[in-house]
Amino acid sequence: MLLRLLVPSFARVLLWASAAQSAECGSIGSRATLPATQIFKYPDDTFLENLHVLPSGHVLLTTFKSGNLTSINPGVTNPTPQHVVTLDGATGLSGITEIPSTAGTLYAVTGGIHTGFSFQYGSLSVYVVLIVQLNGKPCGLLVNKIPYPDTAMMNGLAAIPNNPTLVLSADSLGGRVLRINILTRQVDVAFSDPALGNGGNPTMPLGINGLKIKGNYLYFTNSGRGTYARVQIDNFGNKVGPVQVLATLPGSAPASMTYAYDDFDFDRCGNAHISLHDYDVVRVTASGAQSLIAGGLGASPLFESPTAVAASRDGNSIFVATGGNYTATPPTGGQVLKVNLSLPSKC
Ligand SMILES: *[C@@H]1O[C@H](CO)[C@@H](O)[C@H](O)[C@H]1NC(C)=O
Ligand SMILES: *[C@@H]1O[C@H](CO)[C@@H](O)[C@H](O)[C@H]1NC(C)=O
Ligand SMILES: *[C@@H]1O[C@H](CO)[C@@H](O)[C@H](O)[C@H]1NC(C)=O
């Protein structure tokens, strides 16, 4: 409702159409985008992969630069990244999830030896980290490292809300959902399905990418297929229903490295906000309506390859991570951006 009160920007709509390549006229709606604030941009070529908001409001960051879990405080002006904990054996980190029923103290993070848009086969682990606020910043202690031997990718990560010990990880290259017991250290494949693979896309090797669990459903994006979908699971992460596609890439162009859904998160009203390479964040409502919500070609600040979205603790704002511009010379670094969603008080 509030969005409709904003002055529609015709130019933005045109830019959106071009950003979405051959978007069908009118299919996305003609809303203006929401303003964004850039919290931080890496001065080097650090590719920011994922982020998660801590109870303190500090934001955890994973990058492809090192095995260092990092945080940033969006509540101060010109914040700088702070070291949280070094996850040994990793040169790049990917997914982050909070372990339920631990009052925001226990987190799982995936990482391994990073090689381009993949990891060295067999190098990946789930790291379990205890995080406490100490001297005004998050301080981490590595409490468990669980190797996952037979994969080259662990991407999005999600804890099962009704099961305090199981986390699920997206194997984007194998088209599988991997299951890890953070207590017993047992690992296996929860399920695989053609809907989790990249659909044979010759230019986008990644299939299932972002993961979130809400109710009895596992929600996920699939980069290569250009889908945002959900599947019913039980409390052990087993698939107990068919995959339901909720939205597809807005244009008719096939997914590619510069046109693909990446990771996402839900807001207070249950809308999904999905990062969409190369410049966009789209909203998909519970009924499946999709619109450009932030970023866009020509936006200021420009979102340079959005990789992930994380809702604030109150669900009224989103933080967006970007990879930066790795095709520019010299390559530019990832950003952390914040968008106030201006949600109505009653959803
Ligand atoms: C990772 O953290 C360690 C410990 O603070 C630091 O010595 C190292 O330089 C960091 N590596 C990178 C790439 O930032
Ligand atoms: C990266 O930089 C190139 C050259 O400046 C530009 O054309 C392209 O739009 C940029 N891409 C992103 C994702 O910022
Ligand atoms: C977000 O925007 C709404 C108005 O749309 C405003 O009332 C609210 O204070 C803003 N929140 C923050 C954290 O800036």
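Now for a description of the structure that goes with this document. (Residues numbered from 1 in each chain as written. Chains lettered and ligands numbered in written order. Predicted model: local features only at pLDDT ≥ 70, side-chain atom pairs only at ≥ 80, totals over all residues. Heavy atoms only, no water.)

### Let's talk about the overall build of the protein chain
For the protein chain, the helix and strand inventory stands at two helices and 26 strands. Here the C-alpha radius of gyration of the protein chain, 19 Å, is about what a compact globule of 347 residues would show, namely 20 Å. Dimensions of the protein chain, computed from C-alpha atoms along their principal axes, come out at roughly 55 × 45 × 45 Å. Across the 347 residues of the protein chain, 56% fall into the buried class. A fraction of 52% describes how many contacts in the protein chain between residues 6 or more apart in sequence connect residues 24 or more apart. Taken as a whole, the protein chain presents about 13700 Å² of accessible surface, with 56% of it coming from carbon and sulfur. (Helix = DSSP H or I, 4+ residues; strand = E, 2+ residues; numbered from the N terminus. Rg over C-alpha atoms; globule rule 2.2 N^0.38 Å. Buried < 20%, exposed > 50% of the residue type's maximum accessible area, 1.4 Å probe, protein only. Contact = heavy atoms within 4.5 Å. Areas by Shrake-Rupley, 256 points an atom, 1.4 Å probe, with all protein chains shown as cover.)

### Looking at the site of ligand 1
The immediate surroundings of ligand 1 are formed by Ser66, Asn68, His83 and Thr86. Taking His83, its side chain carries an N or O atom lying 3.4 Å from an oxygen atom of ligand 1. Relative to its free-state accessible area of 360 Å², ligand 1 is covered by the protein chains to the extent of 34%. In terms of residue class, the shell around ligand 1 is built from no nonpolar, four polar and no charged. (Near = heavy atom within 4 Å. Polar contact = N/O pair within 3.5 Å; in protein donor to acceptor, adjacent residues only side chain to side chain. Nonpolar A, V, L, I, M, F, W, Y, C, P; charged D, E, K, R; others polar.)

### As for the pattern of salt bridges
Scanning the model with the defined rule gives eight salt bridges in all. The salt bridge partner of Lys41 is Glu304, with a shortest N-O separation of 2.4 Å. Taken together, the residues Lys41 in strand β1 (residues 36–41) and Glu304 in the loop between β23 (290–295) and β24 (306–311) connect sequence positions 263 residues apart. Residue Lys41 is classed as partly exposed on the basis of its relative accessible area of 28%. For Glu304, a relative accessible area of 15% puts it in the buried group. For Lys145, the salt bridge is made with Asp88, and the minimal N-O distance between the two is 3.9 Å. You can see Lys145 sitting in strand β11 (residues 137–147) and its partner Asp88 sitting in the loop between β5 (82–86) and β6 (92–98), a full 57 residues away along the chain. We classify Asp88 as partly exposed; its relative accessible area is 43%. (Salt bridge = Lys/Arg side-chain N within 4 Å of Asp/Glu carboxyl O.)

### A short note on the environment of Pro306
Among the structural elements, Pro306 can be located in strand β24. Residues Pro306 and Ile99, 207 residues apart in the sequence, show an inter-C-alpha distance of 25 Å. If near-sequence neighbours (up to four positions away) are discounted, Pro306 is found in contact with Asp262, Ser275, Leu276, His277, Asp278, Tyr279, Asp280, Val320, Ala321 and Thr322.

### Side note on the pairing of strand β16 (residues 208–214)
Within a regular strand, the side chains alternate between the two sheet faces. Burial runs high along β16: five of the seven residues are buried. Pairing between β16 and strand β17 (residues 217–222): five bridges, direction antiparallel. Looking at the pairing, Ile213 lines up with Leu218 of β17. Connecting the antiparallel pair β16 and β17 is a turn made up of two residues, with Gly215 showing a positive phi of about 60°. (Pairing = 2+ DSSP bridges.)

### Quick word on the nonpolar core
Generally speaking, soluble globular proteins have nonpolar side chains that are buried together. Counting 22 residues, the largest nonpolar core has Ile99, Ala108, Val126, Met154, Val167, Ile180 and Ile182 as its most contacted members. Sorting the residues of this core by element identifies β7 (106–112), β10 (125–134), β12 (157–159) and β14 (176–181) as the ones contributing at least two each. When neighbours within four sequence positions are excluded, Val126 is seen to be in contact with Ala108, Val109, Thr110, Asn144, Lys145, Ile146, Met154, Val167, Ile180 and Ile182. Core analysis: the second largest hydrophobic core is formed by 17 residues, Ala158, Leu166, Ala170 and Ala190 among them. (Core = buried A, V, L, I, M, F, W, Y, C linked by side-chain atoms within 4.5 Å.)

### Let's talk about the pairing of β11
By the bridge criterion, ten bridges tie β10 to β11 in an arrangement that is antiparallel. In the strand pairing of β11, Leu134 is matched with Lys137. Hairpin connection, β10 to β11: the antiparallel pair is bridged by two residues, and Asn135 has positive phi, about 50°.

### Let's talk about the state of the cysteines
For the structure on display, the rule yields one disulfide. One disulfide bridge connects Cys269 with Cys347, the sulfur atoms lying 2.1 Å from each other. Between Cys269 and Cys347 the sulfur-sulfur dihedral comes to about -75°; the bridge is accordingly left-handed. Residue Cys269 is located in the loop between β20 (260–266) and β21 (272–277), and its partner Cys347 is located in the segment after β26 (335–340); the two are separated by 78 residues in the primary sequence. (Disulfide = S-S within 2.5 Å.)

### Some remarks on the environment of Asp188
By the secondary structure assignment, Asp188 is in strand β15 (residues 187–192). Along the chain, Asp188 and Asp150 lie 38 residues apart, while their C-alpha atoms are 9.6 Å from each other. In this structure, Asp188 is in contact with Tyr148, Leu178 and Arg179, ignoring residues within four places of it in sequence.

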